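Coordinate analysis (summary)
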Amino acid sequence: MKKIVLYLVAMLSFATVAGAQGWFRQPTPNDTLRSTVVLPDNSVVFQIYAPKAESVAVMGDLPWDKPAKFTKEENGVWKGRMGALVEGVYRYRFLVDGVSVYDPKAPSASETSALLTVSPKGDEFFAMKNVPHGAVAERYYWSETLGEMRRLHIWTPAGYEKSLGKLPVLYLVHGGGDTDCSWPGVGAAGLILDNLMAEGKMVPMVVVMPNGSIDMPDGNFIGEVPLFAEDMTTSIIPFVESNYRVYTDQANRAMAGLSMGGMETLETTLNNPELFSYVWVLSASFAPGNKEVYEYERGRLKREADRYNANFKQLVFTQGGQSDIAYNNCKETLALFDAAGIKYEYMDVSGGHSWEAWRQNLYDLAQRIFKDENTVTMNTVENATKAQQFLKNAKTYYLATVDQDGQPRVRPFGTAEIIEGKLYIQTGKVKKVYKQLAAHPYAEICAFNGNEWIRIAGELVPDERVEIKAEMLEKNPSLKSMYKADDDNTIVLYFRNATATISTFTGETTFNF
């Protein structure tokens, strides 16, 4: 309770020092305006703040015989009342001085903003590319904390729907004034993650983008912070772990947030360090300018320093350089971490307090989380070749699939070739193994070679090109007595989004291709 009170006290200082997303202006009637009010008799009052307008009307899927007549009040708010409507859902827009205007106060207003993409080369890390694309799903869950249905977005990598393996989870939070549409929209999160996956630069994972904005009756947006932290642990994480194939342990859970979402990330992870191994705080700090909050955090960090150091595998603070409005506040926060002896990393990127910086942050953090100290950093071709050479040296490996009844099946294999930079295997379409792979493309390989063994897990993708089949047969001439490149049986498959782990009795090395 004390922590919640401290956040409430900090509200005014935060608003003047940092702002929800880096802006500050004089208040207007628009700040608390409700653009639509449904009255008990189903009549509707429409309102829009347009102090310089000469005329206002409302258009859309509304009864033409019940027009709303608008009048302008002294404070610049135009009001119009429409007669009782039949229960239902209606599209509407305002007509201000003859210009069609989407309701700027609608809950979805920020989600309908037009997006301008500046990508002159087309190969930027956030650009749309010809690579396998994952899915961004819109999901609803019941919030025990708020007693209402809430929405979040979830990105899953290409092939997730047909795979069977579990993945780690990143919880990625937007900033103040935005919604869960912000990261997949202006943040280009799906495209960034798709590109990283295609390049083999990140571990396959599920990325959850919850709604960190909570409608506070008194307008106190700082009060959202402890409420969201509670919602994360009591509702969001349980929902994800009950509905998606994900790991449920600390080592496979990460959280990152920007600006207000960074405050929510700090609140959630510092209260629950045993839940997260990876914590990234982007352009954020403790509530700035509030001595009482800072004194509370100073004491807590000193008391809990050993606990945080033991649990956080990565604690990273980032900013958009000195032009970031959170820059000085973050430095003050980091001074508390320094005084408590808590280990962390700090990094600057370009862009200030903007999505230019935060997109870069996601690109960086996605490549680092869920990888241990033994992770090998190589490009995709080198990694695929490394795995192939191990299989060649072992001569025989074992391929595991799942049959139609969900039962595991294992059999020996021998083909493993690098073609066009990918690791390919070969089999026949009439065989049960191919039918199982067609139904469930996610498979695993295991091979032993002296004192080492390898595990390869990923999606096996069929390639019907005759020239690729011919190259596989040329590299394995013993197969020519059974297969031909242009027959209806021969099939070659390559690994996509694969993770390989080479282990010994003393350690292991993990890499992706």
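Throughout what follows, the structure given in this document is the object of discussion. Values in this document were obtained by computation on a predicted structure and should not be read as measured data.

Once that is clear, we can look at the overall build of the protein chain. When helices and strands are tallied, the protein chain shows 11 helices and 23 strands. Projected onto its principal axes, the C-alpha positions of the protein chain cover 90 × 65 × 45 Å. Burial statistics for the protein chain: of 513 residues in total, 51% are counted as buried. Within the protein chain, residue pairs in contact and separated by at least 24 positions form 71% of the contacts whose partners lie at least 6 positions apart. Counting every atom, the protein chain has about 24200 Å² of accessible surface; 53% of that belongs to carbon and sulfur. The distance from the centre of the 52 positive side-chain charges to the centre of the 62 negative ones in the protein chain is 4 Å.

Another aspect to go through is the sheet that holds strand β6 (residues 92–96). Two modes of strand pairing occur in sheets, parallel and antiparallel, and in both the strands are linked by backbone hydrogen bonds. Here three strands make up an open sheet; going across it, the order is β3-β6-β7 and the pairing antiparallel. Of all the strands in the sheet, the pair left with one neighbour each is β3 (56–60) and β7 (99–101). When strand polarity is set aside, the average angle formed by the axes of neighbouring strands in this sheet is 35°. Relative to β7, β6 is paired through three bridges, and the arrangement is antiparallel. Following the sheet pairing, L95 is matched in β7 by S100.

Let us look at the packing of helix α4 (residues 224–243) against helix α5 (residues 260–271). Contact geometry for α4 and α5: axes closest at 9 Å, N-to-C directions at 55°. Judged by the angle between their axes, α4 and α5 are oblique. Here the hand of the crossing between α4 and α5 comes out right-handed. Taking contact as the criterion, the partners of E224, V225, P226, F228, A229, M232 and T233 in α4 are, on α5, M260, M263, E264, E267 and T268. Here the residues of the contact of α4 with α5 sort into seven nonpolar, two polar and three charged.

The next point concerns the environment of E444. Relative to the elements of secondary structure, E444 occurs in strand β20 (residues 442–449). Beyond its immediate stretch of four places on either side in the chain, E444 contacts Y398, L399, A400, I456 and A457.

For the structure on display, the rule yields 23 salt bridges. With its nearest N and O atoms 3.3 Å apart, the salt bridge here joins E471 to K475. Of this pair, E471 and K475 both sit in helix α11 (residues 466–475), separated by four residues, roughly a single helical turn. Note on E471: relative accessible area 30%, which makes it partly exposed. Where K480 meets E474, a salt bridge forms, and the shortest distance between an N and an O atom there is 2.7 Å. In this structure E474 comes out as exposed when scored by relative accessible area, which is 54%.

Parameters at a glance
- Residues numbered from 1 in each chain as written.
- Predicted model: local features only at pLDDT ≥ 70, side-chain atom pairs only at ≥ 80, totals over all residues.
- Heavy atoms only, no water.
- Helix = DSSP H or I, 4+ residues; strand = E, 2+ residues; numbered from the N terminus.
- Buried < 20%, exposed > 50% of the residue type's maximum accessible area, 1.4 Å probe, protein only.
- Contact = heavy atoms within 4.5 Å.
- Areas by Shrake-Rupley, 256 points an atom, 1.4 Å probe, with all protein chains shown as cover.
- Lys, Arg positive; Asp, Glu negative; His and termini not counted.
- Charge placed at Lys NZ, Arg CZ, Asp CG, Glu CD.
- Pairing = 2+ DSSP bridges.
- Axes fitted to C-alpha atoms, helices over the stretch in contact; angles between N-to-C directions.
- Parallel < 35°, antiparallel > 145°, perpendicular 65-115°, else oblique.
- Left-handed = near helix turned anticlockwise from the far one by under 90°.
- Nonpolar A, V, L, I, M, F, W, Y, C, P; charged D, E, K, R; others polar.
- Salt bridge = Lys/Arg side-chain N within 4 Å of Asp/Glu carboxyl O.

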